[in-house]
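# Examination of the molecular architecture
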Amino acid sequence: MNSFKSLPNLSAFSLFLALLLAGCLSVSAQAPAPDSPAIEAQAHAMIAKLTLEQKIELLGGVDNMFTRPMPSISLPQFKMSDASVGVRTWGPTTAYAGGVALAATWDTDFARKLGESLGRDARARNVNFLLGPGVNIARSPLSGRNFEYLSEDPFLNAALVVPFIEGVQSQGVAATVKHFALNDQEFNRHNASADVDERTMREIYLPAFEAAVTKAHVDAVMDSYNLVNGVHSTQNDFLNLKLLRGEWGFQGVLMSDWDATYDGVAAVNNGLDLEMPSPKFMNAKNLVPAVQSGQVKESTINEHLLRLFRTELRYGFTDRPQFDPADSTYSVRDRSVALQGALESITLLKNEGNLLPLDPHKVKSIAIIGPDAYPAVTGGGGSSEAHAFEPVSIVTGIANLLGPDVHIFYSAGIPDGPGQKELVAQADAVILSVGFSAATEREGADRTFTLPPGEDALIETVAAINPRTIVTITAGGGVDTSRWLDKVPVLLHTWYPGQEGGTAVAQILFGQHDPEAKLPVSFDRSWDQNPSSKWYNGDPKDNTTLHTIGADGQPKDYTIEHIKYGDKLMVGYRYWTTTGKHPLFPFGFGLSYTTFSFSKLDVPASAASGSAVNVSFDVTNAGSVAGADVAQLYVSDPSAQVDRPERELKGFAKVRLDPGETRPVTISLDARAFSYWDEPGQKWIIDPGKFTIRVGDSSENTPLQADIDLH
Ligand code: BGC
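Residues numbered from 1 in each chain as written. Predicted model: local features only at pLDDT ≥ 70, side-chain atom pairs only at ≥ 80, totals over all residues. Heavy atoms only, no water.

## A word on the overall build of the protein chain
Counting its secondary structure elements, the protein chain contains 19 helices and 26 strands. What you see for the protein chain is a C-alpha radius of gyration of 26 Å, in line with the 27 Å of a compact globule of 711 residues. In terms of overall dimensions, the protein chain has a C-alpha envelope of 80 × 65 × 50 Å along the principal axes. Counting every position in the protein chain, which comprises 711 residues, the buried fraction comes to 62%. Of the accessible surface of the protein chain, which amounts to about 25,000 Å², a share of 54% is contributed by carbon and sulfur atoms. (Helix = DSSP H or I, 4+ residues; strand = E, 2+ residues; numbered from the N terminus. Rg over C-alpha atoms; globule rule 2.2 N^0.38 Å. Buried < 20%, exposed > 50% of the residue type's maximum accessible area, 1.4 Å probe, protein only. Areas by Shrake-Rupley, 256 points an atom, 1.4 Å probe, with all protein chains shown as cover.)

In structure tokens, the structure reads:
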């Protein structure tokens, strides 16, 4: 009945043959089964057969990306893969516009589709646990992993992460939401403590994790490297026990980030189920004496194993091969998903004189310049770095679209060969592609707000030669554009667009696809205007020393930097709208080749506090090309008893419309949409009174407005 159990020593290939002979090749996507008495009984039976030492062995990973097998109970090892922008660990793959680019789509249907594709890519590679999605808040544009994460807004992150996780898990692959919690900068990530008050945590930094657990029923969570309020995440009772397991009822596996465990006893007692990638601390040397002395209860170790076993049994990992021959390693279907993600996420920020879209029939010569034009820059760097089979660069994408009759000139830097400058000056358009790359925006370090060295000068020089200069920027967030933005007519922000990025850029430039993305983060004019800039570094005077015992059993001290989150709730547009100041480009903003209008707002005049409130309005495509707009609903609470941000996103809908078409939209607001976290009372509360509902297509453009009285 159980092919894996009866064939524990077979190689993957012989297992494949065995299945082929057994006629079992119709294995297909298999969502996790609900917990059942049978699963519970089997998990307990597995534990009953293990010695204490064997149990402890199973609390640590093996070979960097696997759970540990236990032949005596026919338990195979289970495979993991990194995941933020593609299933990357096991060779070439499909590289998607993930993370912040996914957030720029504001498309919950697409989030599900992307999750399903990643789930298929995982099954094609025999992967059981996908180490994503990352959902940390984009607090500062410098954070090296913003490109892997989502947005600056907790509601948008939660709305996208739920269908994404459901999509992954529907394929029979356990998703791992990460990094729990407050990994909001990469600088000094092992030794920095995010010191933050509970209300800020609950309202800004935790909702996406909460939704992943309570709504999407994610089956794994990864603790972060950083400390939270002075305690490493992997041994943080508030995060792991009180919130995750207690309030949110998390049933899955809580694993550490790779080498983010510092104390085996503290980790075991504070919720960590699995130390990755190996048991440096949660091992027999540390835990057997701790069990004997009563510091750790054996029942606590059993509880960790039950969580691992239940999850593995729920997915049928022990009963079926994870490799699904129905899924291709090179997937043509997923290439179209990658293209869709790029088309929906590339954001048009400036289009002076409607220079775009370019007419492919009128363009006879085009100059493509800059380091991000070729080779393709598909993603940022670090553990998420996915290597695509055939990534399409901007040069290739434009050349493919224009065909053989158009002259294309390419140069990585300022062209200086004889005749080349004249050539750039006379080109019908210049596409100037600058920004960051996997080498300069990556895990483990933060980036600069200014573009990489020389790029500002490159833009200024080229813009001076040819006024039809279209700048594209590759970056996980805003950059300093102050030296040249007023000198170029067009700015297109590509994020990291995945393997089909070049095709998508070309289709948008030449009007084959109407730009539809909206900024998932506010773009600042300068780094010092960002609300987190004053709080980004810890004050050395606040440093503390953490005394621990290292993996070698010797005392080890760490100097901990305390990052005080003095910006509190004032993250991104919450800061800008509350202070009445304006960023360079506001959250939610993005241009299109058509225009949209909003009308007929219908909000009930009053409602019982805590009841669902339906808000309706119409969206019209008032222009002449088909396109999509994102209707955004912001709630203000002018009669609150505490300070609240001036407006907060509490609903959105992506609406696709033909020219002249009007569509009614209804958004339902639940109690949480009006609530704040009452720290003294330790609960979400609504202060009765007037609330203002605003609807539009950016945090600053909200043409519809109405009040509602909650009583
Ligand atoms: C990263 C994780 C990743 C892990 C395994 C760590 O460096 O922080 O996000 O899943 O490596 O590659």
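## Digging into the sheet that holds strand E14 (residues 490-493)
With mixed pairing, six strands are arranged side by side in an open sheet as E9-E14-E13-E12-E10-E11. Each edge of the open sheet carries a strand with a single partner, namely strand E9 (347-351) and strand E11 (407-411). Looking at each pair of strands side by side, their axes are set apart by 15 degrees on average, direction ignored. Inspection of the sheet shows strand E10 (residues 365-369) paired to E11 by five bridges, in the parallel sense. Of the residues in E11, the one forming a bridge with isoleucine 368 is tyrosine 410. In the packing of helix H17 (residues 455-465) onto the sheet, contacts are made with E10, strand E12 (429-435) and strand E13 (469-474), and the angle to E12 comes to roughly 175 degrees. (Pairing = 2+ DSSP bridges. Axes fitted to C-alpha atoms, helices over the stretch in contact; angles between N-to-C directions. Contact = heavy atoms within 4.5 Å.)

## Side note on the domain arrangement of the protein chain
Its domain assignment divides the protein chain into domain 1 (3-314), domain 2 (346-521) and domain 3 (591-710). Once you take the C-alpha centre of each, domain 1 and domain 3 turn out to be 34 Å apart. In this complex, domain 1 contributes 15 residues to the contact, which on the side of domain 3 involves 18 residues. Carbon and sulfur atoms supply 55% of the area buried between domain 1 and domain 3, which totals about 1,500 Å² over both sides. Looking at the side of domain 1 facing domain 3, the largest losses of area belong to Trp106, Phe155 and Arg199, adding up to 46% of the total buried there. The tally of links from domain 1 across to domain 3 stands at one salt bridge. Across the domain 1-domain 3 interface, the total number found is six residue pairs in polar contact (both at pLDDT 80 or more). Every element with two or more residues in the side of domain 1 that touches domain 3 is listed here: helix H7 (154-170) and helix H8 (198-205). Per-element tally for the side of domain 1 that touches domain 3: the top contributor is H8, with four residues. (Domains from an automatic or database assignment. Buried area = accessible area lost by both parts, 1.4 Å probe. Salt bridge = Lys/Arg side-chain N within 4 Å of Asp/Glu carboxyl O. Polar contact = N/O pair within 3.5 Å; in protein donor to acceptor, adjacent residues only side chain to side chain.)

## Considerations on helix H9 (residues 207-214)
In terms of residue burial, H9 counts as a mostly covered element, since seven of its eight residues are buried. By the burial criterion, the buried members of H9 are Pro207, Ala208, Phe209, Glu210, Ala211, Ala212 and Val213. Where the residues of H9 are buried, they touch H7, strand E3 (174-180), H8, strand E5 (220-223) and helix H10 (237-247).

## Considerations on the packing of aromatic side chains
The full count for this structure, using the stated rule, is 24 aromatic pairs. An angle of 85 degrees between the planes, with centres 5.5 Å apart, marks the rings of tryptophan 527 and tyrosine 536 as edge-to-face. Residue class for tyrosine 536 comes out buried when judged on its relative accessible area of 9%. Within the aromatic cluster, the residues linked to one another by ring pairs are Trp106, Phe155, Tyr573, Phe587, Tyr634 and Phe652. Sitting above the plane of the tyrosine 565 ring, arginine 139 keeps its charged end 3.8 Å from the centroid. Note that arginine 672 overlies the ring of tryptophan 684, its terminal NZ or CZ placed 3.8 Å from the centroid. (Phe/Tyr/Trp six-rings, centres within 6.5 Å; stacked < 30°, edge-to-face > 60°. Lys NZ or Arg CZ within 6 Å of the ring centre and 35° of its normal.)

## Structural notes on the nonpolar core
Met255 and Phe309 are the most contacted members of the largest nonpolar core, which has 112 residues in total. Here the element with the most residues in this core is H7; it accounts for eight residues. Looking at which domains feed residues into this core, each of domain 1 (3-314) and domain 3 (591-710) supplies at least three. Aside from chain neighbours lying at most four places away, what touches methionine 255 is Met80, Phe129, Leu131, Thr176, Ala220, Val221, Met222, Asp223, Leu272, Leu274 and Met276. In this structure, Val377, Trp484, Val488 and Val521 belong to the second largest nonpolar core, which totals 39 residues. (Core = buried A, V, L, I, M, F, W, Y, C linked by side-chain atoms within 4.5 Å.)

## Notes on the site of the ligand
For the ligand, the set of nearby residues contains 13 residues, the closest of which are Asp82, Arg145, His179, Asp257 and Glu443. For the ligand, an oxygen atom lies 2.3 Å from a polar atom in the side chain of aspartate 82. Side-chain polar atom of aspartate 257 to an oxygen atom of the ligand: 2.6 Å apart, as the coordinates give it. Looking at the shell around the ligand residue by residue, the class counts come to five nonpolar, two polar and six charged. (Near = heavy atom within 4 Å. Nonpolar A, V, L, I, M, F, W, Y, C, P; charged D, E, K, R; others polar.)

## As for helix H18 (residues 501-509)
When you tally the buried positions in H18, you get eight out of nine residues, the bulk of the element. Residues of H18 that are buried sit in contact with helix H14 (332-345), helix H15 (394-402), E12, E13 and E14.

## A few points about the side chain of threonine 702
If you trace the backbone, threonine 702 turns up in the loop between strand E25 (689-696) and strand E26 (704-710). We classify threonine 702 as buried; its relative accessible area is 14%. Side-chain polar atoms of threonine 702 contact the side chain of arginine 647, separated by 3.2 Å. Apart from the residues within four sequence positions on either side, threonine 702 is in contact with Tyr634, Arg647, Arg694, Val695 and Gly696.

## Examining the sheet that holds strand E2 (residues 129-131)
Taken in spatial order, the five strands line up as E1-E2-E3-E5-E8 in an open sheet, and their pairing is parallel. Bordering the open sheet on either side are strand E1 (80-82) and strand E8 (253-255), each of which pairs with just one other strand. Taking each pair of neighbouring strands and ignoring which way they run, the sheet shows an average axis angle of 25 degrees. In this sheet, E3 lies alongside E2 in parallel orientation, the contact comprising two bridges. The residue bridging phenylalanine 129 from the neighbouring strand is alanine 174, located in E3.

## Some thoughts on the packing of H14 against H18
Across the interface, H14 lies against H18 with an axial gap of 8 Å and an inter-helix angle of 45 degrees. In terms of orientation, H14 lies oblique with respect to H18. Regarding H14 and H18, the two cross each other, and that crossing is right-handed. Note on element contacts: H18 touches H14 through Gly501, Thr503, Ala504, Gln507 and Ile508, opposite Leu339, Ala342 and Leu343. Residues of the contact of H14 with H18, tallied by class, amount to five nonpolar, three polar and no charged. (Parallel < 35°, antiparallel > 145°, perpendicular 65-115°, else oblique. Left-handed = near helix turned anticlockwise from the far one by under 90°.)

## Quick notes on the packing of helix H6 (residues 108-124) against H14
Contact geometry for H6 and H14: axes closest at 10 Å, N-to-C directions at 145 degrees. For H6 against H14, the interelement crossing comes out left-handed. Contact residues: H6 offers Phe110, Lys113, Leu114, Ser117, Arg120 and Asp121, while H14 offers Arg333, Asp334, Val337, Gln340, Gly341 and Glu344. Looking at the contact of H6 with H14 residue by residue, the classes come out as three nonpolar, three polar and six charged.

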